[in-house]
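For reference, the chains in residue letters:
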Amino acid sequence: MKMRRNFATRGASGSRCALIFRGAVRTGLAALCLAVLTATAQAGADLRGSLTGLDIPYEKFVLANGLTLIVHEDHKTPIVAVGVWYHVGSKDERRGHTGLAHLFEHLMFTSSENHHDEYFRPLLDAGATHLNGNTWLDRTTYFENVPVNALDEVLWLESDRMGHLLGAIDQHKLDEQRGVVENEKRQSENHPYGKVDEYIAASTYPAEHPYSWSAFGSMQDLEAASLEDVKSWFRTYYGAANAVLVIAGDVVPQVIRQKVTLYFGDIAPGPVLARPTAWIAKMSGERSATIQDRVPQPRLYETWNIPGYTTRDFTLLQLAADLLADGKNGRLYKRLVYADQLATHVSVTVGPFEIASQFKLIVTVRPGGDPQVVKKALDEELAAFLSKGAAKEDLERIKAAIFGSFVRRMERIDAAAGKAAILGESQLYGGSPDFYRQSLAWVQSASLEDVMHAAREWLSDGKFVLTVQSFPDYHAAGAGADRSRMPDPGPPAALVLPALQRINLSNGLKVVLAQRHEVPLVQLTLLVDAGHAADSLARPGTANLALALITEGTRTRNALQIAARAQTLGAQIEAGSTLDTSFISLSALTARLSDSLELFADLVLNPSFPPEQLARLKAQSLATIAQQQAQPSGLAARLFPRLIYGDGHAYSNPFSGIGSAADIREADVQSLRAFYLRWVRPDNATLLVTGDTTLRQIEPLLERQLGAWRAPDQPLPVKRLATVALPTRPRIFLVNRTAADQSLILAVQLAPPRLDPDDAAFQVVNGLLGGNFISRLNLNLREDKHWSYGAGSSLVAAKGQRPFVVSAMVQGDRTADAMREMLKELRGLLDARKPTEAEVRSASNTLVRALPGQNETLADLSLSLGDILTYGLPDDYLNALIGKLQRLTSQQVAAAAGRLIHPDSLTWIVVGDLAQIEPGVRALGWGEVQVLDVDGHTLR
């Protein structure tokens, strides 16, 4: 379970696989902006009214016990999203008794009076996706997507833990989950900048303010929490009248009402609760503090207290945040990152909270930079913004982008981020499932004067407002659902995916189309047979930089114009590389498809590789390498490929694809352009199209934009995918991280390629070993031993031999013990504890029943179909996979485990405090132990 901590962020991302709008040079900025304003203004006019016209139909019911039920019908896929929103979070705690909301969220996943097992087990077996829970300041949420045939099972489970939990909570379970939560808190704080949020909360709110502590709470309070404390918390806040149940998907509202009344109607409403009123706690003047942490770069945070989520000024301040830091055209990015290059990242966050919120500027200072110089420039830009305002065209462009983003959220039903989440959040915070329409109306009607007035008022002053309401009279029903047995999920719903249609353009470019017409979106992905593996014929990091650079300029557009044009069209463009594939993708509104394709084609055909942008990207890549080396998981991912593949192999470079610092410094425009032209060509690519179009509509558009594209004369290059022999004995590599509270353990080996006939069985082996919450590894190290917040395994897809990775972040003093347990679980699959039929069925069901939820959106579908095209799988691979998984026996899975797992050939990488862990690791006596530095060089 995860605890949501970060605000919604406006600003640039470090993602290597996305076109991120990072900023612009200052020289000639006024003239450059003028060139794009006309098109932007026209787009705003075209979209006028679109925001307020968006609608998510629903029916709302309030049961006699006060439970609020919201139902939304969406019949495009046989799945249903279920979300339970409890109106309780860390703000409902009191100082000295913090952390209860998050601790209880974990207890809700253990068992209930009528279900004596982990809640993940039946849900994963039913094919649940987007399955989790999280705690924030104002609410606790539980959510899952399941095939529609499993709905009764989900309702039984959710209602059982709402109404029948106290008898299942004992001291053992409290101590068990307290240990898990404490490990989660340690893991969070062990990351760079991990203690910042808690420090800011304590420094910006009065000590008695309910937002002045973090949702994690303090270690002292967690340790002091008694069994009666947590039971009293449940009785107070987990009644039916304090909850919102949202159900969205392939359902009928009146049928759902009857089901929910059956399962939830007999649950007590709980006590009448007094809601905290707005408490903005506006600050005055300027206060400052400095803290030290193990971070690779300095970072600045500037924070203001502002009104809460349901106010018009909150929405206006979100627009102000976008004007300041929405991609490359945000003025803070232009100045700090793009022009002066004082920083590598800048963003603005606006926290969506109930009784108050915060407006926070975050700037990551470039390596070697002076934070005080950055602060001076930051404050200058903010002062200029507040005094002079912004361009109306920029505001209209931002509104168009908000429309596109909201439409994309409407494509998904789930209660974590889709339509169910929108309805639940609107009800819980705004008192009505359609409160989002009010927010969108505020966005649409906002003038530049409105936005600037709010910015000037709330970035310098504030006020307090009190509202009092009467309480409703709730009562529980006399009877409810049968609690003697949980409903069986039944057979999985059929997976219906669109057929693949194929054509070739006149230049030979292969086009594959999968039609979906539920939302007005079209997704295009140019799949190029290159990827990080192509760096074996170039300098490491070349694929990553080359793909990043094509979005920084074309022959007729610079980076600012590309960013502005995409936002004007409501389009999203991504470019990057995975291990085997480089890609350029476009998500376009159907109504703007022709114009969006023109921009897409311009990037593909006419990249200019501007030298000044390469210098900036190199600096950012160096900063990213430093960030990776500062985090245990990032560091291990940089080291393990060379250790298991050896030098010279196509897969031996750092797994992120960035390369080394020396490689980045040596990169030049000529080599990047040559790489791009050598690999990105029509005879080495396939264009995958999904969404709201037909071959008849799309073919002439593609022919017009891409038909003239021709392959170069030079032959196609061939990547080096040689077969590598497994080591004959285990190897252990240690990397020091002084004073680290936890150790990262990776056990890695080479596995057969993605196309291996046993791949389905390999997936089942991975699933039951470490691929989900109820896997052997996680239940051992997290639930039984309490040494880790999470342990697992993964089987990376690849054309050649692929990495099979087993990993865990554990308490430092348990490093050697955890390694023994990990090896025990691996060996157990081969002899003492071979897979059982029950485990095989559970792991298979998890994979099979999750498929509908994994193919809901166009982005989801494109990923699935992209795998089929990348690895040369049959068109009906996913449908055939269902039958193959369902027919697997425990004997077949055990045989596959024997082919997949080789305990004596493992390469172990351990990142931790050597003073604490090295003696114990060496005492294991498994094989040679070497100590490496962060670049992989042997120290001893």
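Refer to the preceding data block for the structure.
The text that follows walks through the structure, step by step, so that each part is easy to find. (Residues numbered from 1 in each chain as written. Predicted model: local features only at pLDDT ≥ 70, side-chain atom pairs only at ≥ 80, totals over all residues. Heavy atoms only, no water.)

1. What about the packing of aromatic side chains?
(1) Moving on: For the coordinates displayed, the defined rule picks out 23 aromatic pairs.
(2) Moving on: Centroid distance Tyr205 to Tyr211: 5.9 Å. Interplanar angle 70°. Geometry classified as edge-to-face.
(3) Moving on: On the basis of an interplanar angle of 80° and a centroid distance of 5.5 Å, the ring pair of Tyr645 and Tyr651 is categorised as edge-to-face.
(4) Moving on: According to the relative accessible area criterion, Tyr645 is buried, its value standing at 7%.
(5) Moving on: Given the relative accessible area of 2%, Tyr651 is considered buried.
(6) Moving on: Grouped by ring-pair contacts, the aromatic residues Tyr86, Phe104, Phe109, Phe120, Tyr142, Phe234, Tyr238 and Phe773 constitute a single cluster.
(7) Moving on: Between the NZ or CZ atom of Arg161 and the centre of the ring of Phe109, over which it lies, the distance is 4.8 Å. (Phe/Tyr/Trp six-rings, centres within 6.5 Å; stacked < 30°, edge-to-face > 60°. Buried < 20%, exposed > 50% of the residue type's maximum accessible area, 1.4 Å probe, protein only. Lys NZ or Arg CZ within 6 Å of the ring centre and 35° of its normal.)

2. So, the nonpolar core
(1) Moving on: Counting residues in hydrophobic clusters, the biggest one holds 74 residues, and the most contacted among them are Phe359, Leu361 and Phe385.
(2) Moving on: If you tally residues by element for this core, the top one is helix H11 (residues 312–325), at nine residues.
(3) Moving on: Other than its neighbours up to four places away in sequence, Leu361 contacts Leu300, Tyr301, Glu302, Trp304, Leu324, Leu332, Ser347, Val348, Leu378 and Leu382.
(4) Moving on: Counting 64 residues, the second-largest nonpolar core is a separate cluster that includes Val765, Leu829, Leu878 and Val893. (Core = buried A, V, L, I, M, F, W, Y, C linked by side-chain atoms within 4.5 Å. Helix = DSSP H or I, 4+ residues; strand = E, 2+ residues; numbered from the N terminus. Contact = heavy atoms within 4.5 Å.)

3. Quick notes on unusual backbone geometry
A negative phi holds for most residues other than glycine; trans holds for most peptide bonds.
(1) Moving on: Phi at Ala281 takes a positive value of approximately 55°, unusual for a residue other than glycine.
(2) Moving on: Structurally, Ala281 is set in the loop between helix H10 (253–264) and strand E8 (299–306).
(3) Moving on: With phi around 55°, Gln341 is a residue other than glycine that occupies positive phi space.
(4) Moving on: Structurally, Gln341 is set in the loop between helix H12 (331–339) and strand E9 (343–350).

4. Points about the pairing of strand E14 (residues 572–577)
Within a regular strand, side chains alternate between the sheet's two faces.
(1) Moving on: As defined by bridge partners, E14 adjoins strand E15 (residues 582–589) across six bridges and the pair is classed as antiparallel. Each residue of the ladder has a partner; that of Glu574, found in E15, is Ser585.
(2) Moving on: Hairpin remark: E14 followed by E15, antiparallel, with four residues in the connecting loop. (Pairing = 2+ DSSP bridges.)

5. Here we look at the environment of Arg178
(1) Moving on: Examined against the element boundaries, Arg178 turns out to sit in helix H6 (residues 171–189).
(2) Moving on: For the pair Arg178 and His786, spaced 608 residues apart in the sequence, the C-alpha separation amounts to 9.2 Å.
(3) Moving on: With residues near it in sequence (within four places) discarded, Arg178 still touches Leu103, Gln171, Leu222, Glu223, Ala224 and Ala225.

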